[in-house]
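Fold and geometry: a report
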Amino acid sequence: MTVLKIEPSKILRNSLFLILSFCFGFSFADTTHLVQKGETLYSISRKYELTVQELRTANNLSEKDVLKAGQKLIIPTADIENAAALAASPTAAASSYDAKNLDVYVAQKGDTYYGIARKNNINVAELFSINGLSSDSVLKAGQKLKVPAKVAAASSSDAMPALKDADPRKYTGKTSSSTLDWPVKNPKVTYVTGKVSGVQLSASNKEKVTNIMSGTVMYCGFYRGYGEVIFVQSKTGLIYAYTGLSGIKVKKGEYVVYGDELGSVGVDSITNSPTLTLMVFRNGTPIDPAKAPRG
């Protein structure tokens, strides 16, 4: 294997994480971090390329909690579906579970919302929604939580197409209409599934990425395994995730309208072609981007 000596850059950093992600199937395991003097949740989130809310939820911390040197933090597994769900405004989430299909779980000492959600095969946003909690809620031992008795398979018409092979680098062969509004011009639209559940869009080198649905930027920056990403939440609570960018033009909290420039397309580390991946989530569950609203 030939080793090229190239000056480090954001694009190379982006490509490296994408290579690691696909080679290891996004199998990042939970780990721990020993807090150093002067560190904050924000600085630690940047180091591990996760969101602050993911760290708070995984460690049962409120917005008022202050980190202390020597404190141990759980660094959760990178999961863009969970990150998107936690980035959304808590008031936007709505439970889709019937009360008859719920059990009661009594929180034990050391439990976190993150851990309980994982045990029950749901994301934290769904757990909050079922129990009428907000994303800044702190769990207490003895607290009773409703959890799904059995997780039902998605049956809505806008769910992602079912596949036999969930390898994110094995494409479905299914494409979507080029007449739809996409973040880039005249792309070849290819569905992917697995940890990357959405569409890959072919593009021109460093092509401008435009917003397809008005909303608020809930997160922007590097996310582990996905390069530079942007989450835009619509007024109906959908999260539009633009991933694999080479540059970002917006800031967290900014309201963007249809057609606004979000950033520029990055280069796929495996195909070496300019590519953008678009995912759309409802309460952390991916839906078909072709059927997601525009405007």
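Our structure is the block above this text.
Residues numbered from 1 in each chain as written. Predicted model: local features only at pLDDT ≥ 70, side-chain atom pairs only at ≥ 80, totals over all residues. Heavy atoms only, no water.

1. Some words on the overall build of the protein
Per the secondary structure count, the protein includes six helices and 14 strands. Burial status across the protein gives 50% buried among its 295 residues. Here the contacts in the protein between residues at least 6 apart in sequence split such that 67% fall between residues at least 24 apart. As displayed, the protein offers around 15,000 Å² of accessible surface, 53% of which is attributable to carbon and sulfur atoms. (Helix = DSSP H or I, 4+ residues; strand = E, 2+ residues; numbered from the N terminus. Buried < 20%, exposed > 50% of the residue type's maximum accessible area, 1.4 Å probe, protein only. Contact = heavy atoms within 4.5 Å. Areas by Shrake-Rupley, 256 points an atom, 1.4 Å probe, with all protein chains shown as cover.)

2. Regarding the environment of R56
Residue position: R56 is located in helix 3 (residues 52-58). Looking at R56, the relative accessible area reads 18%, which means it is buried. Linking R56 and Y114, residues 58 residues apart in sequence, is a C-alpha distance of 9.4 Å. If near-sequence neighbours (up to four positions away) are discounted, R56 is found in contact with L41, L61, S62 and E63.

3. Focus on helix 6 (residues 124-131)
When you tally the buried positions in helix 6, you get eight out of eight residues, the bulk of the element. Restricting attention to buried positions, one finds in helix 6 the residues V124, A125, E126, L127, F128, S129, I130 and N131. Summarising the contacts, the buried residues of helix 6 are in contact with helix 3, helix 4 (80-87), strand 3 (102-106), helix 5 (113-119), strand 4 (144-148) and strand 14 (285-287).

4. Considering the environment of L238
Note that L238 resides in the loop between strand 9 (227-233) and strand 10 (239-248). A relative accessible area of 5% places L238 in the buried class. Measuring from C-alpha to C-alpha, the distance between L238 and G215 comes to 9.2 Å, with 23 residues separating the pair along the chain. Setting aside chain neighbours within four positions, we find L238 in contact with V232, Q233, V280, F281, R282, I287 and P293.

5. Considering the environment of K100
Within the fold, K100 resides in the loop between helix 4 and strand 3. Residue classification places K100 among the exposed residues on the basis of a relative accessible area of 77%. Distance in space between the C-alpha atoms of K100 and A149 is 8.6 Å, their sequence separation being 49 residues.

6. Quick look at the packing of aromatic side chains
Tallied over the full model, the rule gives three aromatic pairs. A centroid spacing of 5.1 Å and a plane angle of 80° characterise the contact between Y113 and F128, whose relative ring orientation is edge-to-face. Of the two residues, Y113 sits in helix 5 while F128 sits in helix 6, which places them 15 residues apart along the sequence. F128 shares its class with Y113; the two are buried. An angle of 45° between the planes, with centres 6.0 Å apart, marks the rings of Y223 and Y226 as tilted. Residues Y223 and Y226 agree in their burial class; the two are buried. In this structure, R294 packs its charged tip against the face of W182, placed 4.7 Å from the ring centre. (Phe/Tyr/Trp six-rings, centres within 6.5 Å; stacked < 30°, edge-to-face > 60°. Lys NZ or Arg CZ within 6 Å of the ring centre and 35° of its normal.)

7. Focus on the pairing of strand 5 (residues 189-192)
Both faces of the sheet carry side chains from a regular strand, because those side chains alternate between them. With burial as the criterion, each face of strand 5 is covered, one bearing V189 and Y191 and the other bearing T190 and V192. Where strand 5 and strand 6 (residues 198-202) come together, four bridges link them in antiparallel fashion. From the neighbouring strand, Y191 faces strand 6, where its bridge partner is V199. (Pairing = 2+ DSSP bridges.)

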